[in-house]
Amino acid sequence: MPSLTAPDRSLVRDNIASVSVRELAERFGTPLFVYDESPILQRIADLQAFDAIRFAQKACSNLAIMDTVRRHGCLVDAVSTGEIHRALAAGYQTVGNPPPIVYTADIFDRESLDLVVEREIHVNCGSPDMITMLGQRAPGREITLRINPGFGHGHSQKTNTGGDHSKHGIWHEDLPECLKQAKQFDLRVTGLHVHIGSGTDLKHLSQVCQAMERFARLAGEHLVALSAGGGLPIPYRSEESFIDLDAYYQLWDATRNRLAEELGRPLRLEVEPGRYLVAESGYLIAEIRAVKRMGDNTFYLVDAGFNNLARPVMYGAYHPMSICSVGDDSADAREAREVVVGGPLCESGDIFTQREGGYVCTQPLPEANIGDLLIVENAGAYGFVMGSNYNSKPLAAEVLVRDGWPHLIRARQNCHELFAGECIPTT
Ligand code: LLP
């Protein structure tokens with residue numbers, strides 16, 4: 001696996017994967033999500049040492065993206081009925097070895113329980129109640145248990161999925177009881193899964209291996225698969241770097257080998273990335289519609305807001321940004337200045353440059369004119385998928401660039417679709 005460093009960032013960008021940003025905006029409109037397919041393929045290649053890469057589709061679940069990862073060998077994780085239907089629509093089979101689709105959750109709602117029972121979808125149970133519900137409906141099944149190891153870590157407290165403040169997984173001390181419970185229903189625990197958080201680091205990810213060894217010794221009877229979960233970070237800031245994937249794999253491989261020897265059977269090693277596969281491929285293009293001063297601050301207001309990209313308002317997340325001039329001059333020749341970048345929503349928090357806690361900050365960007373384009377980068381993971389219709393804003397369009405050609409992969413929502421399904425009572 002290659003040792004990767006963060007790319008140098010420019011504050012000016014006139015193309016995405018060799019396609020002109022200006023042409024993309026003219027042809028498809030703004031706000032627009034554009035995905036470059038090639039980094040996705042590169043990231044899949046980086047993880048080839050693992051026996052299975054299971055794409056956490058919640059990061060970017062457009063069917064065209066799912067089709068790409070499927071054709072390049074990835075399995076898929078689904079966390080809802082909708083995500084199971086997406087996986088099926090993208091060409092995944094329901095049943096196989098290893099299971100093509102795994103439903104991972106902490107509850108079954110009524111629909112998802114019906115669906116996994118009817119279609120025989122493999123389930124990764126995140127609560128004792130899930131074991132009971134599945135056991136009552138489908139005894140004899142193989143299942144995976146998602147364990148909360150008692151610790152976790154994420155880029156934000158909101159993305160930390162371990163420890164006693166987290167709702168996720170089966171509490172590690174309850175594992176022996178859950179194994180008994182599974183046995184009562186004749187459910188065979190063939191997999192163990194630990195995911196401690198999103199955007200974590202090697203130090204925390206490595207601790208998961210030791211925990212997994214303890215769990216596997218308790219749950220080894222029918223065990224055939226270990227999942228390291230997701231959480232692999234990507235560098236958003238130029239001073240950040242990728243984690244040492246080789247070191248990460250070696251730790252897991254050593255753990256898996258020790259356990260396989262003890263159990264006397266091979267163990268499949270899965271990894272479940274979302275962000276790592278798709279974050280860098282995605283760009284959000286918006287048009288600058290106002291440039292105004294508020295005391296000492298200069299604001300660029302664009303036509304995309306937290307209805308399109310919620311990460312800054314939710315986590316104070318930083319995204320690199322750049323400008324594409326639509327005038328005759330290149331933005332390269334313009335001076336950079338510190339600016340606040342905000343969206344169109346009627347809410348003060350609709351700011352792309354903010355720190356956790358809602359504190360507005362600035363980023364350097366070239367001087368810009370109305371009509372210039374702002375590009376929010378590394379927006380492929382948890383971008384479009386966390387979009388909403390707040391302020392009755394239609395969902396953005398999505399475009400995939402493959403081999404230098406842009407393909408529309410989701411049409412922009414129109415205003416009629418916004419209130420389709422609503423009705424005014426007649427009495
Ligand atoms: N597996 C499970 C069970 C998960 O809950 C998640 C993410 C993943 C895998 C994929 O994690 P990743 O490799 O992407 O870190 N909206 C937040 C991230 C929430 C992650 C939720 N679960 C953000 O924008 O940073």
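In this text, all values refer to a predicted model and were calculated from it rather than measured experimentally.

Quick notes on the packing of aromatic side chains
Inspection of every chain in the model, using the stated rule, returns seven aromatic pairs. When the centroid spacing of 6.4 Å and the interplanar angle of 15° are considered together, the rings of Phe33 and Tyr35 count as stacked. Put simply, the rings of Phe33, Tyr35 and Phe384 pair up and form one aromatic cluster. The side chain of Arg237 reaches across the aromatic face of Tyr318, ending 4.2 Å from its centre.

What to know about the site of the ligand
Neighbouring the ligand are 20 residues; His155, Ser198, Glu272, Arg311 and Tyr382 lie closest to it. The separation between an oxygen atom of the ligand and a polar side-chain atom of Lys58 is 3.1 Å. Arg275 has a polar side-chain atom sitting 2.8 Å from an oxygen atom of the ligand. Calculation on the ligand without its partners gives an accessible area of 590 Å², and the protein chains cover 92% of this total. By residue class, the composition of the shell around the ligand is five nonpolar, 10 polar and five charged.

Overview of the packing of helix 4 (residues 81–89) against helix 5 (residues 110–119)
Between helix 4 and helix 5, the least distance of the axes is 9 Å, while the angle of their chain directions is 35°. For the pair helix 4 and helix 5, contact is made by Thr81, Ile84, His85 and Leu88 and by Glu111, Ser112, Leu115, Val116 and Arg119, respectively.

Looking at the nonpolar core
Leu145 and Leu192 are the most contacted members of the largest nonpolar core, which totals 104 residues. Sorting elements by how many residues they give to this core places helix 8 (residues 202–218) first, with seven residues. Discounting chain neighbours no more than four positions away, the residues touching Leu145 are Asn124, Cys125, Ile131, Ile170, Leu175, Leu179, Val189, Gly191, Leu192 and His193.

Remarks on the side chain of Asp253
Turning to its location among the elements, Asp253 is positioned in helix 9 (residues 245–263). A polar side-chain atom of Asp253 sits 2.9 Å from a polar atom in the side chain of Arg256.

A look at the environment of Gly316
Following the sequence through the fold, Gly316 ends up in the loop between helix 11 (311–315) and strand 15 (321–324). Sequence separation between Gly316 and Tyr359 is 43 residues; the distance between their C-alpha atoms is 8.2 Å. When sequence neighbours within four positions are dropped, the list of residues in contact with Gly316 reads Arg311, Gln354, Arg355 and Glu356.

Let's talk about the confidence of the model for the protein chain
A residue-level look at the protein chain finds 98% of positions with pLDDT of 70 or above and a mean pLDDT of 96. No element of the protein chain has a lower mean pLDDT than helix 8, at 94, and none a higher one than strand 3 (residues 32–36), at 99.

Some points on the environment of Trp171
By the element assignment, Trp171 lies in strand 9 (residues 170–171). For Trp171, a relative accessible area of 26% translates into the label partly exposed. Note: C-alpha distance between Trp171 and Pro149 (22 residues apart in sequence) is 6.7 Å. Once you skip the residues sitting within four places of it in the chain, Trp171 turns out to touch Asn148, Gly150, Gly163 and Asp164.

With respect to the pairing of strand 14 (residues 297–302)
Of all six residues in strand 14, five are buried, a share of seventy percent or more. Judged from the six bridges that link them, strand 13 (residues 282–294) and strand 14 form a sheet pairing that is antiparallel. Paired with Ala290 across the strands is Leu301, a residue of strand 14. Adjacent in sequence and paired antiparallel, strand 13 and strand 14 are bridged by two residues, among which Gly295 carries a positive phi angle near 60°. The pairing of strand 14 with strand 16 (residues 336–342) spans three bridges and is parallel.

Things to note about the packing of helix 6 (residues 128–137) against helix 7 (residues 175–184)
Close contact between helix 6 and helix 7 brings their axes to 9 Å; oriented N to C, the two are set at 5°. Put simply, helix 6 runs roughly parallel to helix 7. Residues Pro128, Ile131 and Thr132 of helix 6 pack against Cys178, Gln181 and Ala182 of helix 7. Of the residues that constitute the contact of helix 6 with helix 7, the class distribution is four nonpolar, two polar and no charged.

Each value, and the rule that gives it
Residues numbered from 1 in each chain as written. Predicted model: local features only at pLDDT ≥ 70, side-chain atom pairs only at ≥ 80, totals over all residues. Heavy atoms only, no water. Phe/Tyr/Trp six-rings, centres within 6.5 Å; stacked < 30°, edge-to-face > 60°. Lys NZ or Arg CZ within 6 Å of the ring centre and 35° of its normal. Near = heavy atom within 4 Å. Polar contact = N/O pair within 3.5 Å; in protein donor to acceptor, adjacent residues only side chain to side chain. Areas by Shrake-Rupley, 256 points an atom, 1.4 Å probe, with all protein chains shown as cover. Nonpolar A, V, L, I, M, F, W, Y, C, P; charged D, E, K, R; others polar. Axes fitted to C-alpha atoms, helices over the stretch in contact; angles between N-to-C directions. Helix = DSSP H or I, 4+ residues; strand = E, 2+ residues; numbered from the N terminus. Contact = heavy atoms within 4.5 Å. Core = buried A, V, L, I, M, F, W, Y, C linked by side-chain atoms within 4.5 Å. Buried < 20%, exposed > 50% of the residue type's maximum accessible area, 1.4 Å probe, protein only. pLDDT = per-residue confidence, 0-100. Pairing = 2+ DSSP bridges. Parallel < 35°, antiparallel > 145°, perpendicular 65-115°, else oblique.

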